[in-house]
Amino acid sequence: MQFLNTFSKSRLSWLLLFGFIVFFELCALFFQHVMKLDPCVMCIYERVAMMGIAFAALFGLIAPQNTIIRWTALAAWGYGAYRGLELTREHVGYQFNPSPFATCDLFVQFPEWAPLNQWVPWMFEASGDCSKVVWSFLGQSMPQWLVVIFAANLVALAVIVIAQFFGKKEQNA
């Protein structure tokens, strides 16, 4: 645990988290623009949750030795991963328990102060159907894989948070 405590205070740990998120975002863009799989509203919201984790990683990268910055970044990471898990579980429900009474929105709804779909439409505009399974790997749909990814983030975060309480012990002179 002491290793993880020390590692969480290094820029490398936050850079690795950021790198994983960039990889997943690039995969999403590959699916959208190369494989021509139109993202649905839930896909876009899941993309934003993933970006929340990326921003948390960048914040942690600023000064990981600083307790306030590190804990703020850990909290932001947790919030992004938790919201992502909630969204992906809902998305899986749309795919595998279809109901005319439980459907996703037709259009993304961002706050007026951050209309991401207008600012960067190639990344945040939705045109797909939330209930269709358009891709699968090893028998799991894309939202099911995202459940795994967001849950893994929460597990990794839990371990790192626990490690925060196992710092180096002071040695008497």
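Refer to the structure above for everything that follows.
Please read these numbers as outputs of a predicted model, since none were measured by experiment. (Residues numbered from 1 in each chain as written. Predicted model: local features only at pLDDT ≥ 70, side-chain atom pairs only at ≥ 80, totals over all residues. Heavy atoms only, no water.)

**Digging into the side chain of Asn-117**
Thinking step 1. Of note, Asn-117 is situated in helix 5 (residues 116–119).
Thinking step 2. Under the relative-accessibility criterion, Asn-117 is labelled buried at 14%.
Thinking step 3. Not counting residues up to four positions away in its chain, the partners in contact with Asn-117 are Val-108, Phe-110, Phe-124 and Glu-125. (Helix = DSSP H or I, 4+ residues; strand = E, 2+ residues; numbered from the N terminus. Buried < 20%, exposed > 50% of the residue type's maximum accessible area, 1.4 Å probe, protein only. Contact = heavy atoms within 4.5 Å.)

**Topic: the packing of helix 3 (residues 41–62) against helix 4 (residues 67–96)**
Thinking step 1. Relative to each other, helix 3 and helix 4 sit at 165°, their axes nearing to 8 Å. Considering the angle they form, helix 3 stands roughly antiparallel to helix 4. Relative to helix 4, helix 3 is oriented so that their crossing is left-handed. (Axes fitted to C-alpha atoms, helices over the stretch in contact; angles between N-to-C directions. Parallel < 35°, antiparallel > 145°, perpendicular 65-115°, else oblique. Left-handed = near helix turned anticlockwise from the far one by under 90°.)

**Let's talk about the state of the cysteines**
Thinking step 1. What the rule picks out here adds up to 1 disulfide.
Thinking step 2. Two residues share a disulfide in this structure: Cys-104 and Cys-130, whose sulfurs sit 2.1 Å from each other. Across the disulfide from Cys-104 to Cys-130, rotation about the S-S bond amounts to roughly 100°, and the bridge is consequently right-handed. With Cys-104 in the loop between helix 4 and helix 5 and Cys-130 in the loop between helix 6 (121–124) and strand 1 (136–137), this pair connects stretches of sequence that are 26 residues apart. Of the two residues examined, Cys-104 and Cys-130, each falls in the buried class.
Thinking step 3. No disulfide involves Cys-43; its sulfur sits 3.2 Å from the nearest other cysteine sulfur, which is in Cys-40. (Disulfide = S-S within 2.5 Å.)

**A closer look at the side chain of Thr-88**
Thinking step 1. Along the chain, Thr-88 falls in helix 4.
Thinking step 2. Not counting residues within four places of it along the chain, the set of residues in contact with Thr-88 comprises Glu-46, Pro-143, Leu-146, Val-147 and Phe-150.

**A word on the pattern of salt bridges**
Thinking step 1. Here the structure, examined in full by the defined rule, presents 1 salt bridge.
Thinking step 2. Residues Glu-86 and Arg-83 are paired through a salt bridge, measuring 2.4 Å at the closest nitrogen-oxygen approach. With Glu-86 and Arg-83 both in helix 4 and 3 residues apart, the pair spans about one turn of that helix.
Thinking step 3. Since its relative accessible area comes to 32%, Glu-86 is described here as partly exposed.
Thinking step 4. The exposure class assigned to Arg-83 is partly exposed, which follows from its relative accessible area of 31%. (Salt bridge = Lys/Arg side-chain N within 4 Å of Asp/Glu carboxyl O.)

**Concerning the environment of Gly-167**
Thinking step 1. Inspection of the secondary structure puts Gly-167 in the segment after helix 7 (142–163).
Thinking step 2. For Gly-167 and Ala-49, which are 118 residues apart along the polypeptide, the C-alpha to C-alpha distance reads 30 Å.
Thinking step 3. Not counting residues within four places of it along the chain, the set of residues in contact with Gly-167 comprises Gln-2 and Asn-5.

**Focus on the packing of aromatic side chains**
Thinking step 1. What the rule picks out here adds up to 10 aromatic pairs.
Thinking step 2. Summarising the aromatic geometry, the rings of Phe-137 and Trp-145 are spaced 5.9 Å apart at their centres and angled 45° between planes, so their arrangement reads as tilted.
Thinking step 3. Judged by its relative accessible area of 26%, Trp-145 is partly exposed.
Thinking step 4. Grouping aromatic residues by their ring pairs yields a cluster made of Phe-30, Phe-31, Trp-135, Phe-137 and Trp-145. (Phe/Tyr/Trp six-rings, centres within 6.5 Å; stacked < 30°, edge-to-face > 60°.)

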